[in-house]
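Structure at a glance
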Protein chains: 2
Amino acid sequence: MEALQGWKRTMMCGSLRAADAGKEVILMGWVQRRRDHGGLIFVDLRDREGITQVVFSPEVDQEAFAKAEAIRNEYVIAVKGEVRLRPEGTVNPNLATGEVEVYAREVKVLNGAKTPPFYIQDNIDVDENLRLRYRYLDLRRPEMQRALGLRHRLVKTIRDYLDARGFWEIETPMLTKSTPEGARDYLVPSRVNPGKFFALPQSPQIFKQILMVAGMDKYFQIVRCFRDEDLRSDRQPEFTQLDLEMSFVEREEVLTLMEEMIAEVVRTTLGREVPTPFPRLTYAEAMARYGSDKPDTRFGMELVDLTDIAAGCEFKVFRAAADNGGVVKAINAKGCAHFSRKELDELTQYVAIYGAKGLAYIQMTPEGPKSPIAKFFKEEELQAILERLGAETGDLLLFGADTPRIVADSLGHLRVHLAEKLGLIDPEAMNFLWVVDFPLLEWDEEEKRYVAMHHPFTSPMDEDIELMDTDPGRVRAKAYDMVLNGVEIGGGSIRIHRRDVQEKMFRLLGLSQEEAVEKFGFMLEAFEYGTPPHGGIAFGIDRLVMLLAGRDTIRDVIAFPKTQSASCLMTGAPSEVSAKQLKELHIKLDVIPRK
Amino acid sequence: MEALQGWKRTMMCGSLRAADAGKEVILMGWVQRRRDHGGLIFVDLRDREGITQVVFSPEVDQEAFAKAEAIRNEYVIAVKGEVRLRPEGTVNPNLATGEVEVYAREVKVLNGAKTPPFYIQDNIDVDENLRLRYRYLDLRRPEMQRALGLRHRLVKTIRDYLDARGFWEIETPMLTKSTPEGARDYLVPSRVNPGKFFALPQSPQIFKQILMVAGMDKYFQIVRCFRDEDLRSDRQPEFTQLDLEMSFVEREEVLTLMEEMIAEVVRTTLGREVPTPFPRLTYAEAMARYGSDKPDTRFGMELVDLTDIAAGCEFKVFRAAADNGGVVKAINAKGCAHFSRKELDELTQYVAIYGAKGLAYIQMTPEGPKSPIAKFFKEEELQAILERLGAETGDLLLFGADTPRIVADSLGHLRVHLAEKLGLIDPEAMNFLWVVDFPLLEWDEEEKRYVAMHHPFTSPMDEDIELMDTDPGRVRAKAYDMVLNGVEIGGGSIRIHRRDVQEKMFRLLGLSQEEAVEKFGFMLEAFEYGTPPHGGIAFGIDRLVMLLAGRDTIRDVIAFPKTQSASCLMTGAPSEVSAKQLKELHIKLDVIPRK
């Protein structure tokens, strides 16, 4: 192995072009592959920016040629040589540097390499655990490097955008107070304060509001947050958030500022224009039309309400739903009348996941509507249903009749499921929208109490404040979510900035005065010393990068992610620690020993 | 309390100038003070950017005037009015907006305020604990806001500078593996993996090196780090670091890049030019001339070696030091011959802190050298000493004779102590320098083993690698520290990138092969798959901001710092947690109950 000893790289491997022919260059990187051909040795030299073909010829330098014979894949080498145009017929149009090659005069082997356990190239079909174990090799693959490059560009763009508009990035503590509410906290035992614990922040929510009380005016932070939840689906114990707050603003300013920011992010990372302002849907409208508070509007197939028609019909499933405060809705799967019994069964099983007890349907055959339930409807009822759904020959109508929640959930998911199955979704489309006018509270059937739909600091609408006393479930919040292609990427609100309103909110959530003071006393107190109206938002950076980079999991846009069992396969974290460490932290293990 | 209801701020309180006279504006902020004078009410309205004087006149608007009468300090208000030039003689030259005032036509009281426990102004003389308890009020003080504003500008400048040079900001995990080495780890019990713990990172050192193995080429991160140490002096449990690493470089490139970055930071935050390249001192030279590896070069008073002269003299303290491998050195405190007995005693006590058993001195009086020790020297010895020290009438010569470490420590600190006492330090000076060529290892007398002077991943100099086997204490490292005014602000090195050298280093540090693999096995393994030469640096952001902002403690440049007992006086963290939380984490308390 040789040392650099004064060699300085003159450029990256992706940058040479025909115009560079004749130049003397020094390149450094990894050997992507080596080929021997016609008495020459060809090496594809790779770095973060691309690949350059290096040629070793005994006629150029005998010693370099001899060294090149020993080079293997993933060796780290430095090459000094001359850029030449490739001979006629050997130009590689698939490579940015494909018009040239570098004839090596000198080479240094900076480091050797064992054979990697998988190929360093895109689209490999390898168990993800192997990739995570050898993350340093996985991250060498160009698609992974592009993803992290895009991530860097994205956060840099956000910072530039916010800095130019007077936002200050201010850091908030990672070692903070446990106020379990919602998700579980990660705890950190205190050595200096025996028996006491810090919590890692689930979000800097309280600190950013305190910063508004402190007159910081416009704050943001790209910040790590933590939730100790079971990692079903695509979650990570630690995740990154753009956290933002501003004083003296109403909803409109936040929305405008944020949609312009996202448009700028898309412009710099993908070079695409996103039209602004984004469409807005109220929560009520989103639920009614899409059965979801994060609707995917890249396709139609909207939910159609039939409750009024169903209320008078003979079909007892529909009738019962309508009579008991439930709803009857349907979607029209255009051109799906031909679905087989098996396909219809599969759809029925699919909606069952969301609590639907069945899935009534009507197939619009050339012979007319065909359906096990058609017989229950009077002709004019059937016509009204078909008309409202815009049913035509060849369509498949699918019905839900249950509580509003179950109908929304099942038909809402069903329309997405069908859209994917039918290929209705344009993979290039980027449908951003805002959902606004959320309810302040949701009734939690298990706990028999209200829970905050966003969080306890969300302001009710001014005109609904009085309803907090009389009909809390009807209070709307000054909350808003940004949605991209059916995925919530950001959410926020105008906050409560008055102690009395905040205390009322805590009461509605079932916190006693004592608990409220114990957990949030300093915040309630702060509100009494001159708190400006303020509001903000938080974006999930991992998810946003994933969507823009076109990856399927956030693990592909995080350098060192954890597995579903919250462990790191590369370092072996978490791990056992010494008795001395535990002793110092005033804790003991409480583990049932394995037999 | 009133709501904004469509009012939009047109500008900040610091921005109005004479040219704005006649404009209609809306300002929002806090009431700095209210005065009633000549039938008018004057309100100094404050926000992050400054103060504007608002005038309420019953002739302009009766209702606004009436509302203004109820306004108190720190109330949050919004004012709509007209900018007018101040009348002759009432211009305030101390205020950026002092040429104008705003005549209020309308006012909204957005929130009230209790009387704060201290004044919202600079240079208050208040117990720091009170400031920390009411941090949201403390941070409203302009000097605190300026400090956080400077901090934002500093980190933004660093990010711009590095982004423009191809560095990617890549996030590394906060929940990682405990590898206690040096400082104590903060631990996080794992719920999913009973009996196992994550550690919060002391630095992302290993991850950034892994990123180099992964071909990321140029990485940086402004990142939170954690050390569970006793908070003597000015430390915090969590602190922020600029962490940076690059591949295919030697020391020279890192130094040049970093000094230009710091010059750019000083330019954008303070508008001052710092000459580059920075002076460089070898570790040996820094220790010899300043008795410190982070020398303050804003003044002279350098250490002068007299060991050769002392070796032959009759004064047994000097002679013994010289004969037993120690040194004799002195500094010349110009013009301090008049120091009283009491002052000399104070200096003797001062050096005792650093292990010096006494402090010999010579006073250069008009009558000649006066000293308890003069009699031990032959005339030519005395003359040689005076000459080497450039002694003139009026000077005070102060001597140290002991091990090299104790002499360096005591005289090194003494020169700084005297410079402060004598006012020799130009408060405006910014003396940046590099210290290079550090030893790789230090002998730890307590543990009877070598410890890494920087950390175990620092590369030895190529020409010294063979000394690792024969004379480890003489191996120099490819390490470098950046020093500002006697404070180390950054440190780094070219790293080891070969498994065999890294293993040798671990052995020198007393790690068995088994321990090395247990702790760092994945890194050693990574080194075998094609690791490029690489190096980097880390800067302490809190300390750098503190120095540039001219603050005395890093707590003044951290929004929510902890106290010396690692607690947060505002939130009450750390705090007790529920039995349920502990149970879920598989731990029990191990606390001796208080009687």
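For chain A, the name recorded in an unreviewed UniProt entry is Aspartate--tRNA(Asp/Asn) ligase, with Carboxydocella sporoproducens DSM 16521 as its organism. Turning to chain A, the UniProt annotation filed under Catalytic activity (unreviewed entry) states: "tRNA(Asx) + L-aspartate + ATP = L-aspartyl-tRNA(Asx) + AMP + diphosphate". Taken directly from UniProt, the Sequence similarities (unreviewed entry) text for chain A runs: "Belongs to the class-II aminoacyl-tRNA synthetase family. Type 1 subfamily."

The two chain copies are connected by a rotation around an axis plus a translation along it. Mapping chain B onto chain A is achieved by rotating through 180 degrees and translating by 0.0 Å along the same axis, at an RMSD of 0.1 Å. Such values leave the two copies arranged in the relation of a two-fold axis. Both copies share a contact surface, since 100% of the interface residues of chain B are interface residues in chain A too.

So, on to the environment of Val76 of chain B. In this structure, Val76 of chain B sits in strand β4 (residues 76-85). Distance from Val76 of chain B to Phe226 of chain B, taken between C-alpha atoms, is 38 Å for residues 150 residues apart in sequence. In contact with Val76 of chain B, not counting residues within four places along its chain, are Phe248, Gly530, Thr531 and Pro532 of chain A together with Gly29, Trp30, Lys108, Val109, Leu110 and Asn111 of chain B.

So, on to the packing of aromatic side chains. The full count for this structure, using the stated rule, is 37 aromatic pairs over all chains. Judged by centre distance (5.8 Å) and plane angle (75 degrees), the ring pair of Tyr529 of chain A and Tyr134 of chain B falls under edge-to-face. One end of the pair, Tyr529 of chain A, is in the loop between α15 (513-526) and β22 (534-540); the other, Tyr134 of chain B, is in the loop between α2 (128-133) and α3 (135-138), on a second chain. The exposure class of Tyr529 of chain A is buried, given its relative accessible area of 6%. Tyr134 of chain B gets classed as buried once you look at its relative accessible area, which sits at 10%. For the ring pair Phe278 of chain B and Phe432 of chain B, a centre distance of 5.0 Å and an interplane angle of 15 degrees mean the geometry is stacked. Here the residue Phe278 of chain B occupies a position in the loop between α6 (251-270) and β11 (280-282), and Phe432 of chain B occupies one in strand β17 (residues 432-436), the gap between them amounting to 154 residues. Residue classification places Phe278 of chain B among the buried residues on the basis of a relative accessible area of 3%. Residue Phe432 of chain B is classed as buried on the basis of its relative accessible area, which comes to 4%. When the ring centre of Trp168 of chain A is taken as origin, the NZ or CZ atom of Arg48 of chain B, which lies over that ring, is 3.9 Å away. Taking the ring centre of Tyr103 of chain B as reference, the NZ or CZ of Arg84 of chain B above it sits at 3.9 Å.

What follows deals with the UniProt feature "binding site: ATP" (unreviewed entry) in chain A. Residue and element names in this part refer to chain A. According to UniProt, the "binding site: ATP" (unreviewed entry) feature falls on Arg227, Asp228, Glu229, Gln236, Glu488, Gly540, Ile541, Asp542 and Arg543. Relative to the helices and strands, Arg227 resides in the loop between β9 (218-226) and β10 (238-247). Looking at where Asp542 falls in the secondary structure, it is placed in helix α16 (residues 541-549). Residues in contact with Asp542, not counting those within four places in the same chain, are Arg151, Phe239, Thr240, Ile554, Val557 and Ile558. In terms of polar contacts, Asp542 uses its side chain to reach the side chain of Arg151, at 2.9 Å.

This paragraph deals with the side chain of Gln202 of chain A. Residues and elements named next belong to chain A. Note that Gln202 resides in the loop between β8 (197-199) and α5 (205-213). Assessed through its relative accessible area of 15%, Gln202 is described here as buried. Looking at Gln202, its side chain comes within polar contact range of the side chain of Asp185, at 2.7 Å.

Residue and element names in this part refer to chain A. The grouping of Arg227, Arg232, Arg235, Lys294 and Arg543 at the surface amounts to a positive patch. As for its position among the elements, Arg232 is in the loop between β9 and β10. The class for Arg232 is exposed, based on a relative accessible area of 53%.

Taken together, the contacts link 131 residues of chain B with 131 residues of chain A. Area buried by chain B at its contact with chain A is led by Arg48, Phe248 and Tyr529 of chain B, which between them contribute 7% of it. Counting across the interface, chain B meets chain A through 22 salt bridges. Among the elements that line the side of chain B that touches chain A, the one with the most residues is helix α4 (residues 142-164) of chain B, at ten residues.

Each value, and the rule that gives it
- Residues numbered from 1 in each chain as written.
- Chains lettered and ligands numbered in written order.
- Predicted model: local features only at pLDDT ≥ 70, side-chain atom pairs only at ≥ 80, totals over all residues.
- Heavy atoms only, no water.
- UniProt positions renumbered as here; feature names shortened; annotations may be inferred.
- Least-squares fit on C-alpha atoms with pLDDT ≥ 70 in both.
- Contact = heavy atoms within 4.5 Å.
- Helix = DSSP H or I, 4+ residues; strand = E, 2+ residues; numbered from the N terminus.
- Phe/Tyr/Trp six-rings, centres within 6.5 Å; stacked < 30°, edge-to-face > 60°.
- Buried < 20%, exposed > 50% of the residue type's maximum accessible area, 1.4 Å probe, protein only.
- Lys NZ or Arg CZ within 6 Å of the ring centre and 35° of its normal.
- Polar contact = N/O pair within 3.5 Å; in protein donor to acceptor, adjacent residues only side chain to side chain.
- Patch = residues over 30% accessible without salt bridge, like charges linked within 9 Å, V, L, I, M, F, W, Y side chains within 5 Å.
- Areas by Shrake-Rupley, 256 points an atom, 1.4 Å probe, with all protein chains shown as cover.
- Salt bridge = Lys/Arg side-chain N within 4 Å of Asp/Glu carboxyl O.
- Lys, Arg positive; Asp, Glu negative; His and termini not counted.
- Charge placed at Lys NZ, Arg CZ, Asp CG, Glu CD.
- Buried area = accessible area lost by both parts, 1.4 Å probe.

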